[in-house]
Amino acid sequence: MAILEATDIIKQYRGPDGVVTAVNRASMKVEEGEFVAITGESGSGKSTLINICAGIDVANAGSVMLGGKMISSMHGDALTKYRGKTVGFVFQSHKLIPYLTAYENIILPLNAGELLREKHEERFNLLVDALGIRNRLSHLPSEMSGGQQQRVAIARALIHYPRILFADEPTGNLDRRNADEVISLMIELKNTLKQTMVVVTHDQKTAERADRVFVMNDGFLREVK
Ligand SMILES: Nc1ncnc2c1ncn2[C@@H]1O[C@H](COP(=O)(O)OP(=O)(O)O)[C@@H](O)[C@H]1O
Ligand SMILES: [Mg+2]
């Protein structure tokens, strides 16, 4: 069974000039272990779509099946809890907590004390080494470069073994060199952890390295690779 199956998603906003259809009957299926890229112009509906797929936003119509559950009919605490354990999310701006160190940011998704458990300690070490941030663990976000901050954000998004990682333009704020590095690290993690990833990107190089590519155009989603 697909890990993610979004069917006929519609999302509309009511603005001053009438209704904007941000996502127009978009359907997308992601199999376990795939690295899927979504590209498309700014304002085409990419963020809206993946937010809906991740259970962060709610569609006006359509259904989202995530990890075997119909999250589009889940609400409140049940949805929050299920999303928390199933989904990892990386944003364009890293959204790290400014007054916490890298270490504290990374373990944030774990419940207090969980790191003491062996499986989490192993996971922590694996991610920190794979992402090359071991010597940054005691630093605050403001003491790290953009690329380092984003690598910490990726570790935080993966620490709790999410079944699927969503990333919304994770390299959008980085220069070419750092962007390439972060994408290479993500693809490496995809391969070593068999981590399913859905990545929104403007970056042609990232799309080229994806298993499958979708293009979003004015709310319409189309598979191109
Ligand atoms: N909260 C919102 N309220 C009103 N309009 C929105 C909101 N979020 C997104 N939109 C509109 O929906 C469209 C798609 O936006 P978005 O999903 O952010 O596109 P992208 O991520 O591809 O840049 C845009 O026209 C945007 O202005
Ligand atoms: Mg966006």
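Described in the following lines is the structure provided in the data block. Here the structure is a predicted model, which is why all the values come from computation and not from measurement.

1. Side note on the overall build of the chain
Thought 1: Helices and strands together make up the secondary structure of the chain, namely seven helices and ten strands.
Thought 2: What you see for the chain is a C-alpha radius of gyration of 17 Å, in line with the 17 Å of a compact globule of 225 residues.
Thought 3: If you line up the chain on its principal axes, its C-alpha atoms span 50 × 40 × 35 Å.
Thought 4: Pairs at least 24 residues apart make up 70% of the contacts formed inside the chain by residues separated by at least 6 positions.

2. Things to note about the sheet that holds strand β5 (residues 69-70)
Thought 1: Sheet architecture is open: four strands sit in the order β2-β1-β4-β5, paired in antiparallel fashion. Single-partner strands in this sheet number two, and they are β2 (18-30) and β5.
Thought 2: Strand direction decides the pairing type here: strand β4 (residues 61-66) and β5, joined by two bridges, are antiparallel. Directly across from Leu66, in β5, lies its bridge partner Lys69.
Thought 3: Sitting on the sheet, helix α1 (residues 46-53) is in contact with β1 (4-15), β2 and β4, with an inclination near 125 degrees to β1.

3. Let's talk about the sheet that holds strand β6 (residues 87-90)
Whenever strands of a sheet pair, they do so through backbone hydrogen bonds, lying parallel or antiparallel.
Thought 1: Read across the sheet, six strands follow the order β6-β7-β8-β3-β9-β10 without closing on themselves; strand pairing throughout is mixed. The open sheet has two free edges, formed respectively by β6 and β10 (220-223), since each of these has just one partner strand. Going from strand to strand, the sheet's axes swing by 20 degrees on average, the running direction of each strand aside.
Thought 2: Contacts between helix α5 (residues 146-158) and the sheet are confined to β6 and β7 (164-168), with β6 contributing the most and set at about 170 degrees to the helix.

4. Some remarks on the packing of α5 against helix α6 (residues 176-193)
Between two packed helices, the angle of one axis relative to the other and the distance separating the axes together describe the packing.
Thought 1: Direction vectors running N to C along α5 and α6 enclose 20 degrees, while the axes themselves pass 9 Å from each other. Our classification of the angle between α5 and α6 gives roughly parallel. Regarding α5 and α6, the two cross each other, and that crossing is right-handed. Contacts from Gly146, Gly147, Gln150, Arg151 and Ile154 of α5 reach α6 at Asn178, Glu181, Val182, Leu185 and Met186.
Thought 2: Looking at side-chain class alone, the contact of α5 with α6 contains four nonpolar, four polar and two charged residues.

5. Notes on the pairing of strand β9 (residues 212-217)
Thought 1: Relative to β9, strand β3 (residues 35-40) is paired through five bridges, and the arrangement is parallel. Each residue of the ladder has a partner; that of Ala37, found in β9, is Val213.
Thought 2: Across four bridges, β9 lies against β10 in antiparallel orientation. When the sheet's bridge partners are listed, Met216 is paired in β10 with Leu221.

6. Some points on the site of ligand 1
Thought 1: The environment of ligand 1 is formed by Tyr13, Gly15, Val20, Ala22, Gly40, Ser42, Gly43, Ser44, Gly45, Lys46, Ser47 and Thr48.
Thought 2: Broken down by secondary-structure element, the contributors of at least two residues to the shell around ligand 1 are β1, β2 and α1.
Thought 3: When residues in the shell around ligand 1 are grouped by element, the largest group, three residues, is from α1.
Thought 4: When its residues are assigned to classes, the shell around ligand 1 shows three nonpolar, eight polar and one charged.

7. What about α5?
Thought 1: The end-to-end C-alpha separation of α5 is 19 Å, in line with the 18 Å expected for 13 residues at 1.5 Å each.
Thought 2: Most of α5 sits out of view: twelve of its 13 residues are buried.
Thought 3: For α5, the complete set of buried residues consists of Gly147, Gln148, Gln149, Gln150, Arg151, Val152, Ala153, Ile154, Ala155, Arg156, Ala157 and Leu158.

8. Digging into the pairing of β6
Thought 1: Burial along β6 is two-sided: the residues Val87 and Phe89 and Gly88 and Val90 are all buried.
Thought 2: Inspection of the sheet shows β6 paired to β7 by four bridges, in the parallel sense. Directly across from Val90, in β7, lies its bridge partner Ala167.

9. Quick look at α1
Thought 1: Among the eight residues that make up α1, seven are buried, leaving the element largely enclosed by the rest of the structure.
Thought 2: All of the buried residues in α1 are Lys46, Ser47, Thr48, Leu49, Ile50, Ile52 and Cys53.
Thought 3: Where α1 ends, the next residue or the one after it, Gly55, has phi of about 80 degrees, a positive value.

Reading the values: rules and limits
Residues numbered from 1 in each chain as written. Chains lettered and ligands numbered in written order. Predicted model: local features only at pLDDT ≥ 70, side-chain atom pairs only at ≥ 80, totals over all residues. Helix = DSSP H or I, 4+ residues; strand = E, 2+ residues; numbered from the N terminus. Rg over C-alpha atoms; globule rule 2.2 N^0.38 Å. Contact = placed C-beta atoms within 7 Å. Pairing = 2+ DSSP bridges. Axes fitted to C-alpha atoms, helices over the stretch in contact; angles between N-to-C directions. Parallel < 35°, antiparallel > 145°, perpendicular 65-115°, else oblique. Left-handed = near helix turned anticlockwise from the far one by under 90°. Nonpolar A, V, L, I, M, F, W, Y, C, P; charged D, E, K, R; others polar. Near = placed C-beta within 6 Å. Expected span 1.5 Å × (residues − 1). Buried ≥ 20, exposed ≤ 12 C-beta atoms within 10 Å, placed from the backbone.

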